[in-house]
Amino acid sequence: DGGITQSPKYLFRKEGQNVTLSCEQNLNHDAMYWYRQDPGQGLRLIYYSQIVNDFQKGDIAEGYSVSREKKESFPLTVTSAQKNPTAFYLCASSLPGINYGYTFGSGTRLTVV
Amino acid sequence: AQSVSQHNHHVILSEAASLELGCNYSYGGTVNLFWYVQYPGQHLQLLLKYFSGDPLVKGIKGFEAEFIKSKFSFNLRKPSVQWSDTAEYFCAVKDTDKLIFGTGTRLQVFP
């Protein structure tokens, strides 16, 4: 079955360490997205990519980095520069254009101690 | 930039009560609107979407939403909620190439 796989489901890291969250899709979608979900704040866009080897910053990109070397993969690195990294991270993908919604992964809960 | 407002942050209902969750968006032109639901421990799922045509949109699980252009609104409704509707609901608007989400409404339904 086609879908989006995010791994791991839970991740614990020490403060000051970089950590990379995985997102893989087999839907043949061109566009991929990373959102951060915090209680009471909804989903806030971190980065998105419409095509391989190209990506754009979202509303809260500071302290994060991404790469898009393959159509299927869009990993997110949470760097030590991110001041409040503990959160639930959601990856999504879609076909390009305004008429399409997203398919979401099941998320990664990152806890930094 | 577009924005989405969901004014009901937490709604508590008894089973069989009617539901209406508010959603307002900022953009005055052509909009594509969505409602997503996140059941406890599950990923976000699409409930319904509006692109054009009939402003009353029907989705899954008995939900519907009405697009009212003059009010910049896209409220979600269900005539009779069930305990299984307990979830968080997100309204979103498609801004060119990305979805802009509201802050979400947490719905709790008690038997």
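Residues numbered from 1 in each chain as written. Chains lettered and ligands numbered in written order. Predicted model: local features only at pLDDT ≥ 70, side-chain atom pairs only at ≥ 80, totals over all residues. Heavy atoms only, no water.

Student: Looking at this model, I keep getting lost on the overall build of chain B. Mind explaining?
Tutor: The secondary structure content of chain B amounts to zero helices and twelve strands. Along the chain direction, N to C, the helices and strands of chain B fall in the order β-β-β-β-β-β-β-β-β-β-β-β. A compact globule built from 111 residues would reach a C-alpha radius of gyration of about 13 Å, and chain B, at 13 Å, matches this within 12%. Summarising its shape, the C-alpha atoms of chain B cover approximately 40 × 25 × 20 Å along the three principal directions. Scored against the burial criterion, the 111 residues of chain B give a buried share of 50%. Expressed as a percentage of contacts within chain B between residues at least 6 apart in sequence, the contacts between residues at least 24 apart total 54%. (Helix = DSSP H or I, 4+ residues; strand = E, 2+ residues; numbered from the N terminus. Rg over C-alpha atoms; globule rule 2.2 N^0.38 Å. Buried < 20%, exposed > 50% of the residue type's maximum accessible area, 1.4 Å probe, protein only. Contact = heavy atoms within 4.5 Å.)

Student: Mind showing me how you'd approach the nonpolar core here?
Tutor: Soluble globular proteins: nonpolar side chains tend toward being buried together. Counting residues in each nonpolar core, the largest one holds 29 residues, and the members touching the most others are W35(B), L48(B), F74(B), L76(B) and Y89(B). Those elements that provide at least two residues to this core are β2 (10–14), β3 (19–21), β5 (33–38), β6 (45–50), β8 (64–68), β9 (73–78), β10 (87–95) and β12 (105–110) of chain B. At four residues, β10(B) tops the list of elements feeding residues into this core. Discounting chain neighbours no more than four positions away, the residues touching L48(B) are L33(B), F34(B), W35(B), V57(B), K58(B), G59(B), F63(B), E64(B), A65(B), F74(B) and L76(B). Ranked by size, the runner-up nonpolar core spans 20 residues in total, among them I4(A), V19(A), L21(A) and C23(A). (Core = buried A, V, L, I, M, F, W, Y, C linked by side-chain atoms within 4.5 Å.)

Student: When you look at the state of the cysteines in this model, what are you seeing that I'm missing?
Tutor: Disulfides are covalent bonds that link the sulfur atoms of two cysteine residues. Counted under the stated rule, the structure contains two disulfides over all chains. C23(A) shares a disulfide with C91(A); S-S distance 1.9 Å. The sign of the S-S torsion, about -75°, decides the handedness of the disulfide formed by C23(A) and C91(A): left-handed. Linking C23(A) in strand β3 (residues 19–25) with C91(A) in strand β9 (residues 87–94), this pair joins segments that are 68 residues apart in sequence. With a relative accessible area of 0%, C91(A) lands in the buried category. Covalently, C23(B) is tied to C91(B) through a disulfide, its sulfur atoms 1.9 Å apart. Taking the sign of the S-S torsion, about -65° here, the bridge from C23(B) to C91(B) comes out left-handed. Residue C23(B) is found in the loop between β3 and β4 (24–25), and its partner C91(B) is found in strand β10; the two are separated by 68 residues along the sequence. (Disulfide = S-S within 2.5 Å.)

Student: Sorry, what's going on with the sheet that holds strand β8 (residues 76–78) of chain A here?
Tutor: The strands making up a sheet are joined through hydrogen bonds of the backbone, oriented either antiparallel or parallel. Residue and element names in this part refer to chain A. The four strands lie next to each other as β1-β3-β8-β7, forming an open sheet whose pairing is antiparallel. Of all the strands in the sheet, the pair left with one neighbour each is β1 (4–7) and β7 (64–66). Pairwise comparison of adjacent strand axes, ignoring direction, gives a mean angle of 20° for this sheet. Direction of pairing for β3 relative to β8: antiparallel, over a ladder of three bridges. Bridging across to β8, V19 finds its partner in V78. (Pairing = 2+ DSSP bridges. Axes fitted to C-alpha atoms, helices over the stretch in contact; angles between N-to-C directions.)

Student: Can you walk me through the pairing of β5(B) in this structure?
Tutor: Consecutive side chains of a regular strand alternate in pointing toward one face of the sheet and then the other. Residues and elements named next belong to chain B. Extensive coverage of β5 is indicated by the burial of six of its six residues. Of the two faces of β5, both are covered, the one formed by L33, W35 and V37 as well as the one formed by F34, Y36 and Q38. With five bridges connecting them, β5 and β6 associate as antiparallel partners. Looking at the pairing, Y36 lines up with L46 of β6. In sequence, β5 turns back onto β6 through a hairpin of six residues, with G41 there showing a positive phi of about 75°. Where β5 and β10 come together, six bridges link them in antiparallel fashion. Note that in β10 the partner of F34 across the bridge is A92.

Student: How should the interface of chain B and chain A be read in this particular structure?
Tutor: Interface extent is often summarised as the accessible area lost during association of the parts. In this assembly, 17 residues from chain B lie in contact with 21 residues from chain A. A combined buried area of about 1,600 Å² lies between chain B and chain A, and 54% of that area is made up of carbon and sulfur atoms. Of all residues in chain B, K94(B), D97(B) and F101(B) give up the largest surface area on contact with chain A, accounting jointly for 28% of the area buried on that side. If you look at where chain B meets chain A, you find zero salt bridges. If you look at where chain B meets chain A, you find eight residue pairs in polar contact (both at pLDDT 80 or more). (Buried area = accessible area lost by both parts, 1.4 Å probe. Salt bridge = Lys/Arg side-chain N within 4 Å of Asp/Glu carboxyl O. Polar contact = N/O pair within 3.5 Å; in protein donor to acceptor, adjacent residues only side chain to side chain.)

Read these as layout, nothing more, since geometry by itself doesn't imply function.
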